[in-house]
Each structure stands twice: as structure tokens, then as C-alpha cells.
Amino acid sequence: MPAEVIIPLQQHIGAPCNPLVKVEERVLVGQKIGDSDSYVSAPVHSSVSGRVVAIEPRLIHTGDKVLSIVIASDEKQEVAPSHGLSDEEAMDSDKVRAVIRTAGLVGLGGAAFPTHVKLTPPKDKPISDVIINGCECEPYIAGDHRNMLENPEAIVDGLKIILRILGAKKGYIAIETNKIDAIRHINDLISSEENIKVVPLTAKYPQGAEKQLIQAVLCKEVPSGCIPCEVEALVQNVGTTIAISEAIRKGKPLIERVLSIAGDGVREPKNLRVKIGTPASHLIEECGGLKGNPGKIIFGGPMTGFALFDLNTPIVKGTSGIVILPKEMVPVSDPRACIRCGKCVQVCPIYIMPNFIGQYIEVGMIDNAEEASVMDCIECGLCGYVCPAQRPLIQLIRHAKAKITDNRRKGGK
Ligand code: SF4
Ligand code: SF4
């Protein structure tokens, strides 16, 4: 139980929430404390009972300051009343989507896209295949593996809910073969389900990326610039699927998640179920504290995460873990000019050319980067990892994508 939680009002892709509480107000566990009128958004809830002590901008893992509600816990954990849907109500797709929105569900794999929006594909794009993503392919991150071992019933239940509201025909639970216990466990559970199957996949990075997963499971390629509904598919993360089941059956909002505190720089690495808004420092303490002076603390996995520079940064809905690396594992950054070795092109899983794209972005040729399909980049980080010149490719790509998205939003190019 942290003494204080910091709940940012923007933890998702889409419009930020507005606060629904005031400073000094008492709040309960699961009480909605922020919401927005926008369709692409998700409300936020208090993860503790206690008193609102501040509503002010606070630093989040991306380095941005986001308006946040700070709540001092009274440690009583008094829960706001909530109830799920009856079996009959759960047959009504609109009611299910409404509950999912009310519960503040977003993709827990990292992207944090509002789940009710994802589960509402365009009318002319029916979904026939739903894939539950149990491929936790980033090193150190293991929360979904625990989820599959400890809560498989909720995964199967969540998948059945998704299949029903989308009218989809087949459900797949994709799990890498290095999680053989999870494969066995879930296979036992679904032995009598005709339209659900476990698909064991080779353990490799980035097997869990949405488009790669669709290709591996369904042998279908999502075209450039398109989303999975283009090939009648939908991918949902394991943790989100559990949250869907809990929201529908119990009315439980998204106030906690499972994540990994890992790496050689922490004394006792663990998977923990944590309250949204818990400061990173509290979790590191829970794991015995830091081992020496760390070289880098990363929010998320080592390939796609963000380097952290303030341990008071709160856990948000999309945080899959905190990885703490000792100094000797963090190379000194010394970026140099591209030597045209082509290694980044060789490893790029979506077959774009990070070398040229990086050079375009460096000289401000964002239009050329867009033409070279920079928006298709899944930000796996492989190009930067293999680059012998230590080029900051992923940082350049993120910068260009933000600029292009901003231009598109303003109705520009
Ligand atoms: S991060 Fe690099 S390797 Fe990964 S998809 Fe983007 S350009 Fe390709
Ligand atoms: S890996 Fe680095 S040095 Fe090699 S081509 Fe790509 S950007 Fe250039």
C-alpha cells in the first residue's frame, strides 16, 4: 500500500480526462475521478481510499508533465459500490462496450488504446479472428506469463466475451514455446471449446507485436498504413482480456495491474500486482531496493521502454514493468555517422529502411521519412540495438511520427 498515489489524467491514446473531484475531497477505491466527453478516451479511477491532496501537473515516464490527481491513502481501502452485468445483459454488445468504457479499460500491452474503441470496428470491417497476445517477448518482462498461470479462467472468459460482442468465429491464444507451463495450463482449460485454440509460437523478438502476431497466427499481412480489422483480425493483450472479464462479471474498474520489477540492478526481482498511480520508488523498495548505483532505470521493457530520471514517476495503466540495469550493462552512448552497413535494414521486421529514414529526419526532411513509411514503424528498437554506429534511430523515428501525427491532426499534410 503506497502512502500516496499519483493518477495522471491522461494514461491512454486519445483525449485527456477532466478531474471530477476537488482537493480535500474523500475518495473510495474504484471511484471515477476523471473522465472526458470524447469518444476516444478512457476514465480514470482512484486505486486507494483516502483524500485528494493535490491536482497538479506531475512528471510521467514519457518526460511530459501531465495534470494528475494525488491521493493520500487512509489505508482503509473502502471500495465504491459497483456491480457487473448479469449473464443476460452480457449478451448485449452495446452494454458490454459501455461497461468496458466505464471501467476505464485500455490496452495493457503498452499502447494504452481505449478498449471500447478497439472493440468497435467499422461496420464494413467485420472481425472473424480474435488473437489473445500471450507472447511476452521483451526481455525481463514476465507479468503476462504469471497472469496466464494464475488467472487463465478470466483469460478464456474475456476471450469469449470479445468473440460474442464482435460476432467473431475463432479465438486464438498465442503463447511462445518458452512458456510451456502456460500452454499446458490453458490447453487443459479449453479442451471442450470448439472455436478457441492455443497457438504455440517460437520465442523471438518482436513476436508479440500486433502485425507480426497476425502474420504468425493467421498467415495474413496487414497492409501498410492499415489496422488489423483490414484483415478481419483483432489482437488483445492477456492483461486486458482479464480486465474485460473482471469489468463485466464484477464491475471492477482498471485500478491495478500486474507488472515485473526486474533486472540485475534490483535486489529481489518480482512480478507484482500494483495499484495504478504507485510511485516507482515504492515498488523498488518492495523488491529489496537498488543493488548499488544503477546505470539505467527503464519504464517498460529494455527494447521499447523509456529511461527514467525521477523515481517518483507513477505506474500508469500501460506500464508493463520497470527494468533496472547496472552500470556495466549500459553502454556509453557515442552516436556517429551511418557507415551504411545495412544491419538495421536486415533486422527491421516490417521491412522499412531505418538508415535512410534516420538521415531524412536528421536534416528535417520529414515528408521524405513519411514517404519511406516511417508511420509503419512498430518502434521495436531493433535497428538501434544492432547499429554499430549507435545511431539514435528510435528516438529520431518517434520524433518524426509525433510531428507527422501533429500535422495530420491540424489538417496539414
Ligand atoms: S524500430 Fe527500427 S527495426 Fe523496429 S520497426 Fe521501427 S524502423 Fe524497423
Ligand atoms: S545499422 Fe547503423 S550504421 Fe548500419 S546502415 Fe543502419 S544506421 Fe547505418
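Everything numeric in this text was worked out from a predicted model, so none of it was measured.

Spatially, β13-β12-β16-β14-β15 is the arrangement adopted by the five strands of the open sheet, whose pairing is mixed. With one partner strand each, in any of the chains shown, β13 (270-275) and β15 (306-307) form the two edges of the open sheet. In terms of strand pairing, strand β12 (residues 256-262) meets strand β16 (residues 321-326) through three bridges, oriented parallel. Opposite Ile-261, over in β16, you have Ile-322 as the bridge partner.

The next thing to look at is the site of ligand 1. Near ligand 1 there are 13 residues, and of these Cys-348, Cys-377, Cys-380, Gly-381 and Cys-383 occur at the shortest range. Here the shell around ligand 1 is built from residues that sort into eleven nonpolar, one polar and one charged.

So, on to the site of ligand 2. Taken together, the residues surrounding ligand 2 are Cys-338, Ile-339, Arg-340, Cys-341, Gly-342, Cys-344, Asn-355, Cys-387, Pro-388, Ala-389, Arg-391 and Leu-393. Grouping the constituent residues of the shell around ligand 2 by class yields eight nonpolar, two polar and two charged.

This part is about the domain arrangement of the chain. By domain assignment, the chain separates into domain 1 (4-81 + 253-327), domain 2 (89-250) and domain 3 (343-409). Facing seven residues of domain 2, the contacting portion of domain 3 comprises seven residues. Where domain 2 abuts domain 3, roughly 540 Å² becomes buried across the two surfaces, and 54% of that area is made up of carbon and sulfur atoms. The tally of links from domain 2 across to domain 3 stands at zero salt bridges. Counting every contact that joins domain 2 to domain 3 gives four residue pairs in polar contact (both at pLDDT 80 or more). A per-class count over the side of domain 2 that touches domain 3 returns three nonpolar, three polar and one charged.

Before going further, it helps to spend a moment on the packing of helix α3 (residues 143-150) against helix α7 (residues 238-250). At a minimum axis distance of 9 Å, the contact between α3 and α7 shows a crossing angle of 45 degrees. Classed by the angle they form, the pair α3 and α7 counts as oblique. For the pair α3 and α7, the contacting residues are Asp-144, Asn-147 and Met-148 in the first and Val-238, Gly-239 and Ile-242 in the second. The residue makeup of the contact of α3 with α7, split by class, is three nonpolar, two polar and one charged.

Counted according to the given criterion, the structure contains 26 salt bridges. Glu-56 serves as the salt-bridge partner of Arg-58, at 2.8 Å between the closest nitrogen and oxygen. By relative accessible area, Arg-58 is classed as partly exposed at 24%. Exposure remark for Glu-56: the relative accessible area of 30% places this residue in the partly exposed category. Among the salt bridges present, the one from Glu-268 reaches Lys-270, with a minimum N-O distance of 3.6 Å. For Glu-268, a relative accessible area of 42% gives the class partly exposed. Residues joined by salt bridges that share partners form a network here, namely Glu-246, Lys-252, Glu-256 and Arg-273.

Checked against the element boundaries, Ser-38 lands in the loop between β4 (32-35) and β5 (44-45). What makes Ser-38 partly exposed here is its relative accessible area of 27%. Between the C-alpha atom of Ser-38 and that of Ile-127, which follows or precedes it by 89 residues, the distance is 25 Å.

Moving on: unusual backbone geometry. The phi torsion of most residues other than glycine is negative, and most of the peptide bonds are trans. Geometrically, the link from Tyr-205 to Pro-206 is a cis peptide bond, its omega value of 0 degrees lying close to zero. Position of Pro-206 relative to the elements: it lies in the loop between β10 (196-201) and α6 (210-218). Its identity as a non-glycine residue notwithstanding, Glu-24 has a phi of 85 degrees, on the positive side. Here Glu-24 lies in the loop between β2 (18-19) and β3 (26-27). What makes Glu-24 exposed here is its relative accessible area of 52%. Backbone geometry places Arg-340, a non-glycine residue, at a positive phi of 55 degrees. With a relative accessible area of 63%, Arg-340 lands in the exposed category.

Next up on the list: the environment of Gly-158. For Gly-158, the location among the structural elements is in helix α4 (residues 152-166). Residue classification places Gly-158 among the buried positions, given a relative accessible area of 0%. Separated by 62 residues in sequence, Gly-158 and Val-96 have C-alpha atoms that sit 11 Å apart. Ignoring sequence-local partners within four residues, the contact set of Gly-158 consists of Thr-241, Ile-244 and Ser-245.

What counts and how
- Residues numbered from 1 in each chain as written.
- Chains lettered and ligands numbered in written order.
- Predicted model: local features only at pLDDT ≥ 70, side-chain atom pairs only at ≥ 80, totals over all residues.
- Heavy atoms only, no water.
- Pairing = 2+ DSSP bridges.
- Helix = DSSP H or I, 4+ residues; strand = E, 2+ residues; numbered from the N terminus.
- Near = heavy atom within 4 Å.
- Nonpolar A, V, L, I, M, F, W, Y, C, P; charged D, E, K, R; others polar.
- Domains from an automatic or database assignment.
- Contact = heavy atoms within 4.5 Å.
- Buried area = accessible area lost by both parts, 1.4 Å probe.
- Salt bridge = Lys/Arg side-chain N within 4 Å of Asp/Glu carboxyl O.
- Polar contact = N/O pair within 3.5 Å; in protein donor to acceptor, adjacent residues only side chain to side chain.
- Axes fitted to C-alpha atoms, helices over the stretch in contact; angles between N-to-C directions.
- Parallel < 35°, antiparallel > 145°, perpendicular 65-115°, else oblique.
- Buried < 20%, exposed > 50% of the residue type's maximum accessible area, 1.4 Å probe, protein only.

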